[in-house]
Amino acid sequence: MEFHVITLFPGMFESPLAAGMVARAIEAGLISVTAHPLRPFGLGSYRQVDDAPYGGGSGMVMRAEPIAAAIDDVMGQHPGLMRILMTPQGEPLDQSIARELARVRPGLLLIAGRYEGIDERIRSIVDREISIGDYVLSGGELPAMVTIEAVARLIPGVLGNPESLTEESFGADTLEYPHYTRPEEFRGMRVPEILLSGDHARIRAWREAQALDRTRQRRPDLLRRGRG
Ligand code: SAM
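Calculation rules
Residues numbered from 1 in each chain as written. Predicted model: local features only at pLDDT ≥ 70, side-chain atom pairs only at ≥ 80, totals over all residues. Heavy atoms only, no water. Domains from an automatic or database assignment. Axes fitted to C-alpha atoms, helices over the stretch in contact; angles between N-to-C directions. Helix = DSSP H or I, 4+ residues; strand = E, 2+ residues; numbered from the N terminus. Parallel < 35°, antiparallel > 145°, perpendicular 65-115°, else oblique. Contact = heavy atoms within 4.5 Å. Nonpolar A, V, L, I, M, F, W, Y, C, P; charged D, E, K, R; others polar. Core = buried A, V, L, I, M, F, W, Y, C linked by side-chain atoms within 4.5 Å. Buried < 20%, exposed > 50% of the residue type's maximum accessible area, 1.4 Å probe, protein only. Pairing = 2+ DSSP bridges. Polar contact = N/O pair within 3.5 Å; in protein donor to acceptor, adjacent residues only side chain to side chain. Salt bridge = Lys/Arg side-chain N within 4 Å of Asp/Glu carboxyl O. Patch = residues over 30% accessible without salt bridge, like charges linked within 9 Å, V, L, I, M, F, W, Y side chains within 5 Å. Areas by Shrake-Rupley, 256 points an atom, 1.4 Å probe, with all protein chains shown as cover. Near = heavy atom within 4 Å.

A. Up close: the domain arrangement of the chain. Its domain assignment divides the chain into domain 1 (2-152) and domain 2 (169-227). Of note, the centres of domain 1 and domain 2, computed from C-alpha atoms alone, are 36 Å apart.

B. Seen up close, the packing of helix α4 (residues 95-102) against helix α5 (residues 141-152). Remark: α4 packs on α5, axes separated minimally by 8 Å, with the N-to-C direction vectors making an angle of 75°. Taken together, the axis directions place α4 and α5 in an arrangement best described as roughly perpendicular. Here A98, L101 and A102 of α4 come into contact with α5, specifically with T147, A150 and V151. Along the lines of polarity and charge, the residues of the contact of α4 with α5 split into five nonpolar, one polar and no charged.

C. Structural detail: the nonpolar core. Counting residues in hydrophobic clusters, the biggest one holds 32 residues, and the most contacted among them are F3, I31, L108 and L110. For this core, the elements supplying multiple residues, two or more each, are β1 (2-7), α2 (20-27), β5 (82-92), α4, β6 (107-111) and α5. No other element matches the six residues that α5 contributes to this core. In contact with L108, not counting residues within four places along its chain, are M1, E2, F3, H4, L81, M82, I84 and L101. Core analysis: the next-biggest nonpolar cluster, separate from the first, contains 19 residues, M62, A68, I111 and V126 among them.

D. Just the sheet that holds strand β2 (residues 32-37), in detail. Spatially, five strands are ordered β2-β1-β6-β5-β7 in an open sheet, and the strand pairing comes out parallel. The sheet is open, and its two edges are formed by β2 and β7 (128-131), each paired on a single side. Taken over all neighbouring pairs, the strand axes of this sheet differ in orientation by 30° on average, direction set aside. Pairing of β5 with β6, which is carried by four bridges, proceeds in the parallel orientation. Note on β6: the bridge partner recorded for I84 is L110. Packed onto the sheet, helix α3 (residues 64-77) meets β1, β2, β5 and β6 and runs at close to 165° relative to β6.

E. Highlighting the side chain of H36. Within the secondary structure, H36 sits in strand β2. A distance of 2.8 Å separates a polar atom in the side chain of H36 from a polar atom in the side chain of H4. With residues up to four places along the chain from it excluded, the contact list for H36 reads H4, V5, I6, T7, V74 and H78.

F. Quick peek at the pattern of salt bridges. In the structure shown here, the tally under the stated rule is 15 salt bridges. Between R128 and E100 there is a salt bridge, with its nearest N and O atoms 2.8 Å apart. Here E100 lies in helix α4 and R128 lies in strand β7, a separation of 28 residues in the sequence.

G. Representation of unusual backbone geometry in the model. That bond from R105 to P106 is cis: its omega, 5°, falls within 30 degrees of zero. Mapped onto the elements, P106 comes out in the loop between α4 and β6. Despite not being glycine, R47 has its phi angle at roughly 55°, a positive value. Following the sequence through the fold, R47 ends up in the loop between β2 and β3 (50-51). The partly exposed category is assigned to R47, whose relative accessible area is 39%.

H. View of a nonpolar patch on the surface. On the surface, a cluster of nonpolar side chains totalling about 440 Å² of accessible area is made up of F9, M12, Y135, L137 and L142. Relative accessible area serves as the criterion here: at 46%, L142 is assigned to the partly exposed category.

I. Spotlight on the site of the ligand. In the vicinity of the ligand, 20 residues are found, and the nearest of them are M86, Q89, G113, E116 and Y135. Take G133: an N or O atom from its main chain is 3.1 Å from a nitrogen atom of the ligand. Within the complex, 85% of the 580 Å² of free accessible area of the ligand lies under protein. Those elements giving two or more residues to the shell around the ligand turn out to be β5 and β7. Here the element with the most residues in the shell around the ligand is β5; it accounts for four residues. The class makeup of the residues in the shell around the ligand is nine nonpolar, nine polar and two charged.

This is the structure in structure tokens:
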């Protein structure tokens, strides 16, 4: 699956792509990630990409023409990508949206904004708008990376153990059960006896009950959503 990003700061993608699961998935040829610099599409000799807002107000707004030209350029070379604008005003990214996006082929074109945001008219030339949460960051690069990571790990073959996808938080409308590893006792706290019992059926039942309990305590909204 292909991931493309249009950004003023392509360098921001270098180190997150060089480590861990994403790096291994790229190495294995399961995904590709390309950061396309917006600056060359800027206007005039200064390659300007922003301008003052009509109607006044603080900050600068990203102009529509450079972004539209960059989108056309990437789409010309890689037809069929789903164009996604990263914006705090978009649909909140969750595991079910990540699952939908993981099925899109050939892949995604993520557009990272900066400044006060992007000229409103760009909304008419994208397919989807996505937010990574109800807070405002200075740019869409981190939101794009979060989206890439959330989606890439759902692509078959990217995770060594695909079972971890069904067991982990949000896999089945619950948070995941608690984990323990060695030592058996840490600062007076013991690993629950049942996990040392070797009785796999009881361990499975205990984990299911734990997952349900902690979802009820911490995120009851997930259980309501699962039923709805
Ligand atoms: N003025 C805009 C508003 O209030 O909706 C916020 C602009 S923000 C400072 C600049 C850019 O960062 C946005 O265009 C978007 O690409 C990105 N961004 C910031 N927070 C985001 C979030 N929670 N999810 C997705 N993108 C975000």
